[in-house]
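An overview of the molecular structure
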Amino acid sequence: MNWKSILVLIGLLGLASHAFAENLYIGQSAAGADDGSSCANQKAITFFNTAGNWGVGANKISAGDTAYLCGTITTALTVQGSGTSGNVITISPAQAQTTTIDATGLVNGIIQIGSQSYITIDGVTGDKVVGDTAYTMIINNLAGTAGSNAYGVHNVTGSNLIVKHVKIIETGTTDSPNDNSGGVYIVTPGTVGHEIAYNWVTGTSAPNKDGMGLTCFTGGGIGTSFTSGCQVHHNYIEYRLDDGIRCDSNCSIYNNYVKEIGGSGHSDGIICQSGNYCAVYNNTMDNGAEIYLDNIANTTKGPLRVYNNVFWDHDGGASFGIEIIAEGGTSSSWNDVVIANNTFDIEAAPIRGSSNNTNLGVTNLVVLNNIMGAPSQNYTQLSAASGAPWSFASSTALDYNAYQLGGAQSPNIYSVNGVTATLAQLRAQSPSRETNGKTGSPTFVSASTGDFHLSGSDTVALNAGVDLSATYTFLASDKDGVARSGVWELGAYQFVSDTTPPAAPTGITISQPSAPTNLHLVRD
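These numbers were taken from a predicted model, which means no experiment stands behind them.

**What to know about the overall build of the chain**
Per the secondary structure count, the chain includes three helices and 44 strands. Classification of the 524 residues of the chain by burial places 53% in the buried group. For the chain, contacts bridging at least 24 residues in sequence account for 74% of all contacts bridging at least 6. With an accessible surface of roughly 21300 Å², the chain has 52% of that area assigned to carbon and sulfur atoms.

Written as structure tokens, this is what we have:
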């Protein structure tokens with residue numbers, strides 16, 4: 001190899017070295033050699049927050065790099081640059097460490113993304129939904145500071161943002177003036193590709209703290225699919241004074257556990273607000289957490305899909321299951337709303353419509369394969385104010401639902417469009433409704449502990465549903481991901497026979513017999 005070839009090779013290696021991802025370690029203060037090579041040699045948080053330290057080049061935070069956070073940080077983090085498709089910038093706790101961002105005294109965002117794109121905040125471990133509480137990125141958020149928005153993670157615009165495996169703890173004791181504050185607040189107009197997943201947003205014990213859990217808005221009016229904007233999944237949200245999860249267009253909200261949501265005004269477990277293409281499925285809504293379909297725009301919005309959810313009230317509260325409201329003006333309404341295969345065991349109406357205006361309410365509504373608990377409050381299972389009429393998609397769009405009797409309005413199950421009716425009276429309507437519906441109390445595995453899988457002895461919901469896979473392919477699997485086949489069940493779960501072998505018997509002793517004595521052999 002001649003010297004020219006050697007020089008070319010050296011140049012190519014030099015260029016390649018700049019393309020490799022770089023790891024930089026950041027702490028509250030500089031330590032050791034201050035070169036960012038490890039937590040022992042960490043750079044200060046002021047390095048992270050300085051725009052000149054972001055961009056192409058060694059010892060800068062560039063596309064494809066990871067900023068590892070070391071120890072406890074008490075300064076807000078401000079992202080100063082963007083990654084690219086396939087080369088995101090990642091912010092994570094240092095390996096084998098727990099990073100705590102103590103937000104006492106901080107305002108207007110603890111991790112501030114601004115207008116940057118392709119940023120991933122990844123705590124790596126923790127998934128409270130399945131019981132894994134070993135989070136290694138923790139934000140202690142003082143959301144109650146007067147005059148503070150106190151977001152845990154916040155952006156202004158930008159696309160392709162991911163926030164996952166982060167625990168955000170509210171430690172405030174007074175109400176914030178901004179109900180957007182609290183956990184994660186991401187707002188970006190247009191098609192954006194955000195993901196918020198596996199986070200745990202919590203208070204101390206009861207919904208007397210302020211703030212919201214998670215917000216992901218993509219601009220409201222524009223909607224083309226259920227997946228292109230925000231994917232909000234596998235989050236555990238509890239003890240919120242304001243909404244648990246909020247989304248608008250191009251949004252899917254699934255596999256979350258939402259618990260103990262309550263405060264002044266309306267505080268909703270999950271809210272689809274004035275959006276087109278919003279899907280809410282496979283969630284557990286516990287103690288006061290309802291799904292709120294709220295159109296505050298003076299126009300028609302939709303479609304909406306709400307399915308495979310479990311609603312469970314076990315504290316004597318009076319929250320609704322799904323509330324459909326159009327309050328944006330005389331032209332405000334929802335269109336193309338499918339509510340299917342949900343299980344309701346709550347104190348108020350499983351499905352309720354309300355309105356602040358005399359308007360269309362909801363058109364092309366479909367309600368199929370649901371289990372409707374018996375409200376102890378003064379509601380029927382299907383209840384809509386006179387100013388919020390429902391228009392069903394077809395003559396068979398309200399059918400195959402089971403209604404538990406014994407509530408305050410029994411035997412009435414329906415109070416919509418000024419008509420109150422029992423099951424028999426619904427069937428007598430023209431067109432006939434609920435021709436395959438039924439009344440009765442399903443038998444669950446353990447409703448008192450929140451296990452709403454159907455028991456094998458159930459005679460109400462087992463084999464009582466209609467196969468909707470040809471019309472609504474998204475219903476092909478149940479809340480557990482089990483494929484629905486054959487005759488469908490009502491509610492969120494398809495029945496699966498218990499194939500677990502019985503446990504081995506105990507307390508049995510097998511003794512070897514003693515050798516025989518006085519054995520005689522006789523020849524014939």
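**A word on the pairing of strand 19 (residues 236–240)**
Most of strand 19 is tucked away, with five of its five residues classed as buried. Alignment of strand 16 (residues 200–202) against strand 19, held across two bridges, turns out to be parallel. Within strand 19, the residue paired with Trp200 across the bridge is Tyr236. Here strand 19 pairs with strand 22 (residues 257–261) via four bridges, running parallel. Bridging across to strand 22, Glu238 finds its partner in Lys259.

**What to know about the environment of Ser455**
In this structure, Ser455 sits in the segment after strand 44 (451–454). When its relative accessible area of 18% is taken as the criterion, Ser455 is described as buried. Along the chain, Ser455 and Pro442 lie 13 residues apart, while their C-alpha atoms are 8.4 Å from each other. Excluding residues within four positions of it along the chain, Ser455 makes contact with Thr443, Phe444, Val445, Leu462 and Phe495.

**A closer look at the state of the cysteines**
Tallying each qualifying case throughout the model produces four disulfides. Paired by a disulfide, Cys39 and Cys70 hold their sulfur atoms 2.1 Å apart. Its S-S torsion of approximately -85° makes the covalent link between Cys39 and Cys70 left-handed. Placement of the pair is Cys39 in the loop between strand 1 (23–27) and strand 2 (43–44) and Cys70 in the loop between strand 3 (66–69) and strand 4 (72–73), with a sequence separation of 31 residues. Summarising the burial analysis for this pair, Cys39 and Cys70 share the class buried. What pairs with Cys247 in a disulfide is Cys251, and their sulfur atoms sit 1.9 Å apart. Between Cys247 and Cys251, the S-S torsion sits near 105°, and that sign places the bridge as right-handed. Residue Cys247 shares its accessibility class with Cys251, and that shared class is buried. Take the cysteines of the chain that form disulfides and number them in order along the sequence; they join up as 1-2, 3-4, 5-6, 7-8.

**Here's the deal with the pattern of salt bridges**
In total, this model carries three salt bridges according to the counting rule given. For Glu238, the salt bridge is made with Lys259, and the minimal N-O distance between the two is 4.0 Å. Here Lys259 lies in strand 22 and Glu238 lies in strand 19, a separation of 21 residues in the sequence. In this structure, Glu238 and Lys259 share a single accessibility class: buried. For the salt bridge of Arg352 with Glu323, the shortest nitrogen-to-oxygen distance reads 2.5 Å.

**Some points on the side chain of Thr120**
By the secondary structure assignment, Thr120 is in strand 9 (residues 119–122). Leave out the neighbours within four places in its chain, and Thr120 touches Val88, Ile89, Thr90, Ile91, Ile162 and Lys164.

**As for the packing of aromatic side chains**
The tally for this structure, following the rule as stated, stands at 15 aromatic pairs. Here the aromatic rings of Trp312 and Phe452 are separated by 6.3 Å at their centres, their planes lie at 70°, and the arrangement is edge-to-face. On the criterion of sequence distance, the pair formed by Trp312 in strand 29 (residues 310–312) and Phe452 in strand 44 is long-range, its members being 140 residues apart. The burial state of Trp312 is the same as that of Phe452; both residues are buried. An aromatic cluster of at least three residues, connected via ring pairs, comprises Tyr254, Tyr281, Tyr307, Tyr472 and Phe474. When the ring centre of Trp200 is taken as origin, the NZ or CZ atom of Lys167, which lies over that ring, is 4.0 Å away. When the ring centre of Trp488 is taken as origin, the NZ or CZ atom of Arg484, which lies over that ring, is 5.4 Å away.

**Considerations on the pairing of strand 44**
Along strand 44, the buried face is formed by Phe452 and Leu454; none of Asp451 and His453, which line the opposite face, is buried. As judged from the two bridges shared by strand 43 (residues 444–446) and strand 44, these two strands associate in the antiparallel manner. Residue pairing in the sheet places Ser446 in a bridge with Asp451 of strand 44. The turn joining strand 43 and strand 44, which pair antiparallel and follow one another in sequence, is formed by four residues; a positive phi near 85° is taken by Gly450.

**What about the confidence of the model for the chain?**
The predicted model of the chain has a mean per-residue pLDDT of 85, with 80% of residues at 70 or higher. Scored below 50 in pLDDT, residues 3–18 makes three contacts in the model with residues more than four places away or belonging to other chains.

**Concerning unusual backbone geometry**
A cis amide bond links Gly302 with the next residue in sequence, Pro303, at an omega value of 0°. As for its position among the elements, Pro303 is in the loop between strand 27 (300–301) and strand 28 (304–307). Even without being a glycine, Ser274 presents a positive backbone phi close to 55°. By the secondary structure assignment, Ser274 is in the loop between strand 23 (270–273) and strand 24 (278–281). Using a relative accessible area of 9% as the deciding quantity, one classes Ser274 as buried. Residue Asn463 is not a glycine yet carries a positive backbone phi of 55°. Tracing the sequence through the fold places Asn463 in the segment after strand 44.

**Some remarks on the nonpolar core**
Soluble globular proteins tend to bury their nonpolar side chains together. If you look at the biggest cluster of nonpolar residues, it comprises 91 residues, and the most contacted ones within it are Phe48 and Leu293. Beyond its immediate stretch of four places on either side in the chain, Phe48 contacts Ile26, Trp54, Ile61, Ala67, Leu77, Thr78, Val79, Gln80 and Ile91. Core analysis: the second largest hydrophobic core is formed by 18 residues, Tyr135, Trp312, Ile371 and Ala492 among them.

Conventions and cut-offs
- Residues numbered from 1 in each chain as written.
- Predicted model: local features only at pLDDT ≥ 70, side-chain atom pairs only at ≥ 80, totals over all residues.
- Heavy atoms only, no water.
- Helix = DSSP H or I, 4+ residues; strand = E, 2+ residues; numbered from the N terminus.
- Buried < 20%, exposed > 50% of the residue type's maximum accessible area, 1.4 Å probe, protein only.
- Contact = heavy atoms within 4.5 Å.
- Areas by Shrake-Rupley, 256 points an atom, 1.4 Å probe, with all protein chains shown as cover.
- Pairing = 2+ DSSP bridges.
- Disulfide = S-S within 2.5 Å.
- Salt bridge = Lys/Arg side-chain N within 4 Å of Asp/Glu carboxyl O.
- Phe/Tyr/Trp six-rings, centres within 6.5 Å; stacked < 30°, edge-to-face > 60°.
- Lys NZ or Arg CZ within 6 Å of the ring centre and 35° of its normal.
- pLDDT = per-residue confidence, 0-100.
- Core = buried A, V, L, I, M, F, W, Y, C linked by side-chain atoms within 4.5 Å.

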